[in-house]
Amino acid sequence: MHNEILKIFLNNIKCNYKEETFKEFISSMDDETIRRLLMISSTMNNDNNKFEIVSKESRKILEKEFLTNAYDVYSNLFLYTNNFIFELKEFLDNDNYKIKIDEFDYSIDFLQKILLFGIGYIKYKKNIISIYIPLEEREILKKVVNNKRLIKSIDNHNIIIHNINNLLSVYGVIEYTKLNEIYNKIYKKNNNLLEIVTKNSVVEEEINFYKDKDSYVIYNEPAFNDLEHARSFYNSLDKNIDYKIYSKDELEEISECTYHYNFGEFDSLYAFLSIKFNMSEEDIFEFDEVFVNDYIYSYQIDHEQASSNLENNLDKIFGKLDNKSKKIITTSILNIARKYPDFKYKGNTYYDIEKNS
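Residues numbered from 1 in each chain as written. Predicted model: local features only at pLDDT ≥ 70, side-chain atom pairs only at ≥ 80, totals over all residues. Heavy atoms only, no water.

Asks: Help me get a handle on the pattern of salt bridges, residues and values and all.
Replies: Oppositely charged side chains may form a pair once their charged atoms are brought near each other. Evaluated as defined, the whole model comprises 17 salt bridges. Where Glu-181 meets Lys-178, a salt bridge forms, and the shortest distance between an N and an O atom there is 3.2 Å. Of the two residues, Glu-181 and Lys-178 are both situated in helix H11 (residues 176-186); the distance of three residues between them amounts to about one turn of the helix. Here the salt bridges do not stand alone but share partners, grouping Lys-178, Glu-181, Lys-185 and Asp-242 into one network. (Salt bridge = Lys/Arg side-chain N within 4 Å of Asp/Glu carboxyl O. Helix = DSSP H or I, 4+ residues; strand = E, 2+ residues; numbered from the N terminus.)

Take a look at the structure:
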């Protein structure tokens, strides 16, 4: 499956692959890219003055700025990314820039950032992935990825971003002050959460935010279609419901979509699929990933759409199911979703709300 998705990504890459010097490589960047990278770098470095300068300067000055300060620029670009620097280090250490697709152990996100950060060219031909990085730039990048202080900072940011993602997997969208309060109850206290969230959102697509009057609202980007969707969903939340708090271990399970493995409903579904369809354990957990996880998260945004998606997906995979089997599967999955932390109920479950109403 990974290889198929990777091929789709590679076949859609439109970049003019060529082997050239670092100076030629920077000169060949389009205006928008070089300006964007320098502006991101200055943002990460809290240098508002530099941000203003690079947003207005001429092309020649931008190229000179990039070439002169490449080490600092790349260090700043990587500072709030998730795992990119670690994959880049492994890639540079291997000194292998032409890899068969079946032996390619890096993520699609890694390839996207090679292009996003203007690091090199990518070509895919005859099942070979070629990544060209000019020699001079390669040496600069090797120094960046071996900077222990930088690595420590990125490690710390990654832990915090991971923890925030865990909380967003429970709440979906939440006002920053409340997020900060819950974070400090569960994890090690941190006073720079907002800065880390805002800077991470510049280079990643998981966490985003918007300003609401005098406060910030943080939301899980994959869960919502866009900012307006997140805003309207947040505004629809019941102000009288308080946020349900989970333990670190529970948050990890919810984030990894394994929390429901402890539910009796999942055990029953597992037994039914095993007996009725002779599914192996591997098949059942693949079924769980495709059907149960999709339903759980769709259900939190739109109950009717979740049910419709489930019906359509079951028909596509199983063909015409007998009514009894379909009812057992759909009822089991619905009951799992109702026991799962719900964005709509601020991490409470359907049954928590029903019990207290």
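Asks: Go over unusual backbone geometry with me, naming the residues and quoting the values.
Replies: Positive phi values are uncommon outside glycine, yet Asn-46 reaches one of about 55°. Tracing the sequence through the fold places Asn-46 in the loop between helix H3 (31-44) and helix H4 (48-54). The phi dihedral of Cys-257 is positive, around 60°, even though this residue is not glycine. By secondary structure assignment, the location of Cys-257 is in the loop between helix H14 (248-255) and helix H15 (264-276).

Asks: Lay out the sheet that holds strand S5 (residues 207-212) in plain terms, naming residues and giving numbers.
Replies: The antiparallel open sheet is built from three strands, whose spatial order is S4-S6-S5. Because the sheet does not close on itself, it has two edges, and the strands there are strand S4 (173-175) and S5. Sheet twist, expressed as the average angle between the axes of neighbouring strands with direction ignored, equals 25°. Of the strands in this sheet, S4, S5 and strand S6 (215-220) touch helix H13 (residues 227-235), which is tilted by about 65° from S5. (Pairing = 2+ DSSP bridges. Axes fitted to C-alpha atoms, helices over the stretch in contact; angles between N-to-C directions. Contact = heavy atoms within 4.5 Å.)

Asks: Hey, could you go over the sheet that holds strand S1 (residues 98-100) for me, with residue numbers and the actual values?
Replies: In space, the three strands of this open sheet follow the order S1-S3-S2, with antiparallel pairing throughout. In this open sheet, the two edge strands, each paired with only one partner strand, are S1 and strand S2 (121-125). For this sheet, the mean inter-axis angle between neighbouring strands, taken without regard to orientation, is 20°. Pairing geometry for S1 and strand S3 (residues 128-132), over three bridges, is antiparallel. Of the residues in S3, the one forming a bridge with Lys-100 is Ile-128.

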